[in-house]
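# Structural overview
Residues per chain, in single letters:
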Number of protein chains: 2
Amino acid sequence: MQNFSWFNPTEIIFGKDTVKDLAPRLKADGVKGALLVYGGKGTFKSGAYTQVTDMLNKAGIKFSDVNDIKPNPKIDKVREGIARVKAGGIDAVIPIGGGSAFDTAKAIAAGSSYSGDVWDFFEKKATVEKALPIYGVLTASASASEVNKIAVISNPEREIKTSMTSALIYPKVSVIDPSFQITLPEKQTVYGGIDIIAHILERVLDGDEGSELIDDQAYALIRTMIRVIPELIEKPKDYDLRAEYALAGAMAHNGFLSVGRATRGDFSSHRLGHTLSLLFGVAHGASLAVMMPAWARYLYEENPVPFARLGEEVFEIFDGTDEEKALEAIEALEDFYKDINAPTTLRELGIKEDDIEKIAANASRGETFGTLKKLEAEDVLEIYKLAY
Amino acid sequence: MQNFSWFNPTEIIFGKDTVKDLAPRLKADGVKGALLVYGGKGTFKSGAYTQVTDMLNKAGIKFSDVNDIKPNPKIDKVREGIARVKAGGIDAVIPIGGGSAFDTAKAIAAGSSYSGDVWDFFEKKATVEKALPIYGVLTASASASEVNKIAVISNPEREIKTSMTSALIYPKVSVIDPSFQITLPEKQTVYGGIDIIAHILERVLDGDEGSELIDDQAYALIRTMIRVIPELIEKPKDYDLRAEYALAGAMAHNGFLSVGRATRGDFSSHRLGHTLSLLFGVAHGASLAVMMPAWARYLYEENPVPFARLGEEVFEIFDGTDEEKALEAIEALEDFYKDINAPTTLRELGIKEDDIEKIAANASRGETFGTLKKLEAEDVLEIYKLAY
């Protein structure tokens, strides 16, 4: 097991009708004005928006909005939020939504206390020294942005979707009320679930020995997701299933599954998928359903052991050599994605073969990346071809 | 799944040669003088004491000691520490040791900022409003005091061993260097492991449905402990085994296994064991090896399901009715304790049958307790008789 440090100060308030529990926290912290950061329809349909504004009105806290945050959120909305904060009267940021709202809110919280342009954080030209506190209300689990220190934002001008991290952008409090997720469209439940599975797999498949104990925890989490997603397709209104899903989503990517590993994880599949979202607006979960199996097929032969272990622990594949078990595990994962109606090829996403070189160039951008295998530009191209 | 809130701000620094990483934290926090709280021999033998004092000397931080903290630590040592702090020059507490040192340090940290007697916190007559920061160095895993907000202290005058809790006594930073545990006597590895297993079982056996996801995580942790303890008896110097043990110990009782449960856990076995430690100086882990199986045998028939599940998930017991599987699981647990040379009866602890009534009275002290089954005075007496 490798040395590590672990710190996660986010308070989670989890359960039914818990938005109201934000009020005493906001008051104790002296919050007078808040910036609400959210998308649109879903925020209203879930009931979250009304609950938050009722809570704020009762607590006598003023608020203004930055809304219309879209999936794969963009830097212009972050800048819009920062301008609002700099105009005065705001001392806290309240995302209402999923990863897009949280990531935007985090970038606003950091950028508001910085004199330069917020994109500097994403280009690693500046580090966060101060940030507004974030009190979030989650309405869609997937990114675990509600419990981590990461914000992923797209910059269309620069043609890049990338992340910033800082311990100062952990939400101070995150309300996770799984009942808000009962109104989510099936597609979002499926794609969110695939994202959650990816966050777990990107740890156990990073090529580091890590810790058997943490691996056991990770496999138990994957089994949970593989059980819960199909059940939720059948029973989308089941609160307990929504709760298991929401809790697993947070645990998958709060950072704990990285402890004891030499790497924090191999997030190649995420990077390969980000390009599809950036260039073609592909849903994040869909991009992972396509790219993770392709990535795995491309390199499992060089290091079949972790894939074979995945087969044993999750798909009950016990026969054959490690190579055989590994391939069977990758096929089983792909079959699972098909069973829950996710796309598993670029073709199904409507992407043309002619675009593959351009896609590969965007993902590589002259860098090698990945830990299980360092991916050069030609590897990346081959993976996209396999995904086609 | 029940509503819950979760907050744990302790920073963990985990791994080899990590004591030195405390220095930048202490300096950043402006610590000028520290109170070291520790036992004796073990602290020196492990090398922890030297590493801590070297680190403090290099950092220019003054320190004084409260030492000779014994297992089942007593309130007089807490009062001694508080007197030291009140004499001035100390702005942080540094426990070096296991649960006894950490629990003593936590109570000192809380009592030092309180005008009344520190025992008030244990009698729930006062709540903590301020506490000194705690920077701990762990040399023996078991209690998870290094990552939780609990302090368990004995008061011989009042004939009670009991706990205080406060979010203000979470250690600010805990250094967990598993290599310090390589010098632990076998008995302590065994007893610590039994304590860790008890912390996990006291959640899954609390009678609440909780969350399947968290149960899965809990069973994976128990399987880890059942694998690691016998291996450590064979290979006490194996760093990776020590690391798995230390990490499992922290995860077992940092509070997370309680999330989603109606109760925080059923800690009856701990309470039944505390009396044995208080009255006869029984090692904490030994008290649990005796009392937990007796407690389970006494009540499993009324609610066999969680015991049967334990059998399936940990001991691969799949045949028979729930009652049969439950009994087999309890026997398997007891056999495991015997295999690792732990006592499983009061008789083996040298306790006389004549003392049982007095023991039962001390554990009950006119209260009912427990969640899987509410234990009245007569239940408690019967459990001790079964344990004999």
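Residues numbered from 1 in each chain as written. Chains lettered and ligands numbered in written order. Predicted model: local features only at pLDDT ≥ 70, side-chain atom pairs only at ≥ 80, totals over all residues. Heavy atoms only, no water.

The next point concerns the overall build of chain A. Of regular secondary structure, chain A possesses 15 helices and 9 strands. Relative to the globule expectation of 21 Å for 388 residues, the C-alpha radius of gyration of chain A, 20 Å, shows essentially globular dimensions. With respect to the principal axes defined by its C-alpha atoms, chain A has extents near 65 × 45 × 45 Å. Counting over 388 residues, chain A shows a buried share of 63%. Looking at chain A alone, contacts between residues at least 24 apart form 76% of all its contacts between residues at least 6 apart. When the 44 basic and 58 acidic side-chain charges of chain A are each reduced to a single mean position, those positions are 9 Å apart. (Helix = DSSP H or I, 4+ residues; strand = E, 2+ residues; numbered from the N terminus. Rg over C-alpha atoms; globule rule 2.2 N^0.38 Å. Buried < 20%, exposed > 50% of the residue type's maximum accessible area, 1.4 Å probe, protein only. Contact = heavy atoms within 4.5 Å. Lys, Arg positive; Asp, Glu negative; His and termini not counted. Charge placed at Lys NZ, Arg CZ, Asp CG, Glu CD.)

All names here are of chain A. A surface patch of negative charge is lined by Glu301, Asp319, Glu323, Glu324, Glu328, Glu331, Asp335 and Asp339. As for its position among the elements, Glu324 is in helix H13 (residues 322-339). On the accessibility criterion, Glu324 (47% relative accessible area) is partly exposed. (Patch = residues over 30% accessible without salt bridge, like charges linked within 9 Å, V, L, I, M, F, W, Y side chains within 5 Å. Areas by Shrake-Rupley, 256 points an atom, 1.4 Å probe, with all protein chains shown as cover. Salt bridge = Lys/Arg side-chain N within 4 Å of Asp/Glu carboxyl O.)

Moving on: the packing of helix H8 (residues 212-234) of chain A against helix H9 (residues 239-252) of chain A. All names here are of chain A. Relative orientation of the contacting elements H8 and H9 amounts to 145°, with a least axis distance of 10 Å. Considering only the axes of H8 and H9, their crossing is left-handed. On H9, the residues touching Leu221, Thr224, Met225, Arg227, Val228, Ile229, Glu231 and Leu232 of H8 are Leu241, Arg242, Glu244, Tyr245, Ala248, Met251 and Ala252. In terms of residue class, the contact of H8 with H9 is built from 10 nonpolar, 1 polar and 4 charged. (Axes fitted to C-alpha atoms, helices over the stretch in contact; angles between N-to-C directions. Left-handed = near helix turned anticlockwise from the far one by under 90°. Nonpolar A, V, L, I, M, F, W, Y, C, P; charged D, E, K, R; others polar.)

Between the two copies, chain B and chain A, the superposition gives an RMSD of 0.0 Å; the rotation angle is 180° and the shift along the axis is 0.0 Å. Here the transformation between the copies is reduced to the relation of a two-fold axis. Of every C-alpha in chain B, the one belonging to Pro9 of chain B sits nearest the axis of rotation, 2.3 Å from it. A symmetric contact is evident, with 100% of the interface residues of chain B recurring at the interface of chain A. (Least-squares fit on C-alpha atoms with pLDDT ≥ 70 in both.)

Residue and element names in this part refer to chain B. By the element assignment, Gln51 lies in helix H3 (residues 48-59). Residue Gln51 is classed as partly exposed on the basis of its relative accessible area of 29%. Between the C-alpha atoms of Gln51 and Val19, which are 32 residues apart in sequence, the distance is 6.6 Å. Sequence-distant contacts of Gln51, that is, excluding residues within four places in its chain, are made with Asp17, Val19 and Phe180.

The next point concerns the nonpolar core. Trp295 and Tyr384 of chain A together with Trp295 and Tyr384 of chain B are the most contacted members of the largest nonpolar core, which has 175 residues in total. Not counting the four nearest positions on each side in its chain, Tyr384 of chain B is found in contact with Leu272, Thr275, Leu276, Met291, Leu346, Ile356, Ile359, Ala360 and Ala363 of chain B. (Core = buried A, V, L, I, M, F, W, Y, C linked by side-chain atoms within 4.5 Å.)

With that settled, the discussion passes to the packing of aromatic side chains. By the definition in use, this model includes 20 aromatic pairs over all chains. On the numbers, 5.9 Å between centres and 85° between planes, the contact of Tyr38 of chain A with Phe44 of chain A is edge-to-face. The buried category is assigned to Tyr38 of chain A, whose relative accessible area is 2%. Taking the relative accessible area as the measure of exposure, Phe44 of chain A reaches 41% and is therefore partly exposed. Ring centres 6.1 Å apart and planes at 50° place the aromatic pair Phe336 of chain A and Tyr337 of chain A in the tilted group. Like Tyr337 of chain A, Phe336 of chain A is buried. Directly above the aromatic system of Tyr239 of chain A lies the positively charged group of Lys16 of chain A, at a separation of 4.3 Å from the ring centroid. The residue whose ring lies beneath Arg271 of chain B is Phe369 of chain B, and the NZ or CZ to ring-centre distance is 4.2 Å. (Phe/Tyr/Trp six-rings, centres within 6.5 Å; stacked < 30°, edge-to-face > 60°. Lys NZ or Arg CZ within 6 Å of the ring centre and 35° of its normal.)

Residues and elements named next belong to chain B. Counting buried positions over the 6 residues of strand E3 (residues 33-38) gives 6, a clear majority of the element. Covered by surrounding structure in E3 are Gly33, Leu35 and Val37 together with Ala34, Leu36 and Tyr38, the residues of both alternating faces. Of the strand pairs in this sheet, E3 and strand E4 (residues 62-66) are connected by 5 bridges, and their pairing is parallel. Bridge pairing in E4 places Val37 opposite Val66. Of the strand pairs in this sheet, E3 and strand E5 (residues 92-97) are connected by 5 bridges, and their pairing is parallel. Looking at E5, one finds that Leu35 is bridged to Val93. (Pairing = 2+ DSSP bridges.)

Side chains carrying opposite charge are able to pair once their charged atoms draw close together. All names here are of chain A. Scanning the entire structure with this criterion turns up 43 salt bridges over all chains. Between Lys235 and Glu231 there is a salt bridge, with the nearest N and O atoms lying 4.0 Å from each other. The class for Lys235 is partly exposed, based on a relative accessible area of 43%. Assessed through its relative accessible area of 27%, Glu231 is described here as partly exposed. Note that Glu367 and Arg271 form a salt bridge whose closest N and O atoms lie 2.7 Å from each other.

So, about the interface of chain B and chain A. Contacts between chain B and chain A engage 36 residues on the former and 36 residues on the latter. Broken down residue by residue, the surface that chain B buries against chain A is led by Met1, Leu213 and Gln217 of chain B, which jointly contribute 21%. If you look at where chain B meets chain A, you find 2 salt bridges. Taking the shortest distance from any N to any O, the salt bridge between Glu212 of chain B and Arg227 of chain A comes out at 3.5 Å. Summed over the shared surface of chain B and chain A, the result is 15 residue pairs in polar contact (both at pLDDT 80 or more). Of all the elements in the fold, those that place two or more residues in the side of chain B that touches chain A are strand E1 (4-6), strand E2 (11-14), helix H8 (212-234) and helix H9 (239-252) of chain B. The element best represented in the side of chain B that touches chain A is H8 of chain B, accounting for 10 residues. (Buried area = accessible area lost by both parts, 1.4 Å probe. Polar contact = N/O pair within 3.5 Å; in protein donor to acceptor, adjacent residues only side chain to side chain.)

This part covers the sheet that holds strand E2 (residues 11-14) of chain A. As summarised here, the arrangement of the 7 strands in space is E4(A)-E3(A)-E5(A)-E6(A)-E9(A)-E2(A)-E1(B), forming an open sheet in which the pairing is mixed. Looking at the sheet topology across the chains shown, the edges are occupied by strand E4 (62-66) of chain A together with E1 of chain B. Direction aside, neighbouring strands of the sheet carry axes that sit 15° apart on average. The pairing of strand E6 (residues 135-138) of chain A with strand E9 (residues 173-176) of chain A spans 4 bridges and is parallel. When the bridges of E9 of chain A are listed, Gly136 of chain A appears paired with Ser174 of chain A.

So, on to the sheet that holds strand E9 (residues 173-176) of chain B. Reading across the sheet, the 7 strands line up as E1(A)-E2(B)-E9(B)-E6(B)-E5(B)-E3(B)-E4(B) and stay open at both edges, with mixed pairing between neighbours. Each of the sheet's edge strands pairs with one partner strand only, and the pair in question is strand E1 (4-6) of chain A together with E4 of chain B. Across the sheet, the axes of successive neighbouring strands diverge by a mean angle of 15°, strand direction being ignored. Of the strands in this sheet, E1 of chain A together with E2 and E9 of chain B are in contact with H9 of chain B, which crosses E2 of chain B at around 170°.

The predicted coordinates of low-pLDDT regions are not to be read in fine detail. On average, chain A scores 95 in pLDDT, and the residues at 70 or more come to 100%. Across the interface, the model reports ipTM at 0.92; the global pTM reads 0.94. (pLDDT = per-residue confidence, 0-100.)

All right, on to H3 of chain B then. Residue and element names in this part refer to chain B. With 12 residues, H3 ought to run about 16 Å at 1.5 Å a step, and its terminal C-alpha atoms sit 16 Å apart, in line with that. Turning to H3, its buried residues number three or more, namely Ala48, Tyr49, Val52, Thr53, Met55, Leu56 and Ala59. What you see down the axis of H3 is that its buried residues fit within an arc of 155°, all on one side. Of the residues in H3, the exposed ones pointing more than 90 degrees away from the buried face are Asn57 and Lys58. (Expected span 1.5 Å × (residues − 1). Arc of directions from axis to C-beta.)

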